[in-house]
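Architecture and fold: a report
Next come the chains, spelled out residue by residue.
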Amino acid sequence: GGDNIEGAITYNEENSYFETYGKLYSWFAAMGLPENAPNSPTFNEDDQMVGACPKGWHLPTLAQCKNLGEANLAPMGGYYDGSTSAFGGIDNTLTLWCIDSEKPSGHSNFIYTTVDNCDTPLGPVSTNPNSKMSIRCIHDAQIEAQPDAQ
């Protein structure tokens, strides 16, 4: 997945990273939009953000991103900083595009969470939409198990 999506690149633009880490996506690419497109992300019938995910899958909420990071369910694929034009964090930092509101309309409603050295999430923080980070798609039928609040 993500092989031919505009705005998606491999870490350091080297194909050798693709199989292990996948690609890093700009906000536009994560939303399934052309670069610098007007803000018009797509939602499924359950109001879940579809973005670049295949049919039957959606982009994660902030809670789902944190669960992925804390459970170490995604490789530490680094990031591309759109402000400094530099790659960083390979093998020790996971950055994921996440959704922080029910029906976001623009990149200001999107955040990423960072997990450094498989530790506690350091995010969320807002970011430059031209920065590139990982996405993880969540199956629409997945039911999140919530621990008892006792």
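For the structure given in this document, a descriptive report is provided here. (Residues numbered from 1 in each chain as written. Predicted model: local features only at pLDDT ≥ 70, side-chain atom pairs only at ≥ 80, totals over all residues. Heavy atoms only, no water.)

Quick look at the state of the cysteines now. Inspection of the entire model under this criterion finds one disulfide. Covalent S-S linkage joins Cys 53 and Cys 137, the inter-sulfur distance amounting to 2.2 Å. Judged by the sign of its S-S torsion, about -90°, the cystine formed by Cys 53 and Cys 137 is left-handed. Taken as a pair, Cys 53 in the loop between helix H2 (27–30) and strand S3 (57–58) and Cys 137 in the loop between strand S7 (110–116) and strand S8 (138–139) lie far apart in primary sequence, 84 residues in all. Given the relative accessible area of 6%, Cys 53 is considered buried. Taking relative accessible area as the criterion, Cys 137 reaches 26% and is therefore assigned partly exposed. (Disulfide = S-S within 2.5 Å. Helix = DSSP H or I, 4+ residues; strand = E, 2+ residues; numbered from the N terminus. Buried < 20%, exposed > 50% of the residue type's maximum accessible area, 1.4 Å probe, protein only.)

What follows deals with the pairing of strand S5 (residues 86–90). With four bridges joining them, strand S4 (residues 77–81) and S5 adopt antiparallel strand pairing. The residue of S5 that forms the bridge with Tyr 80 is Phe 87. (Pairing = 2+ DSSP bridges.)

Before going further, it helps to examine the side chain of Lys 132. Here Lys 132 lies in the loop between S7 and S8. The residues touching Lys 132, leaving out its near neighbours within four places in the chain, are Gly 7, Ile 9, Leu 24, Tyr 25, Ser 26, Tyr 79 and Tyr 80. (Contact = heavy atoms within 4.5 Å.)

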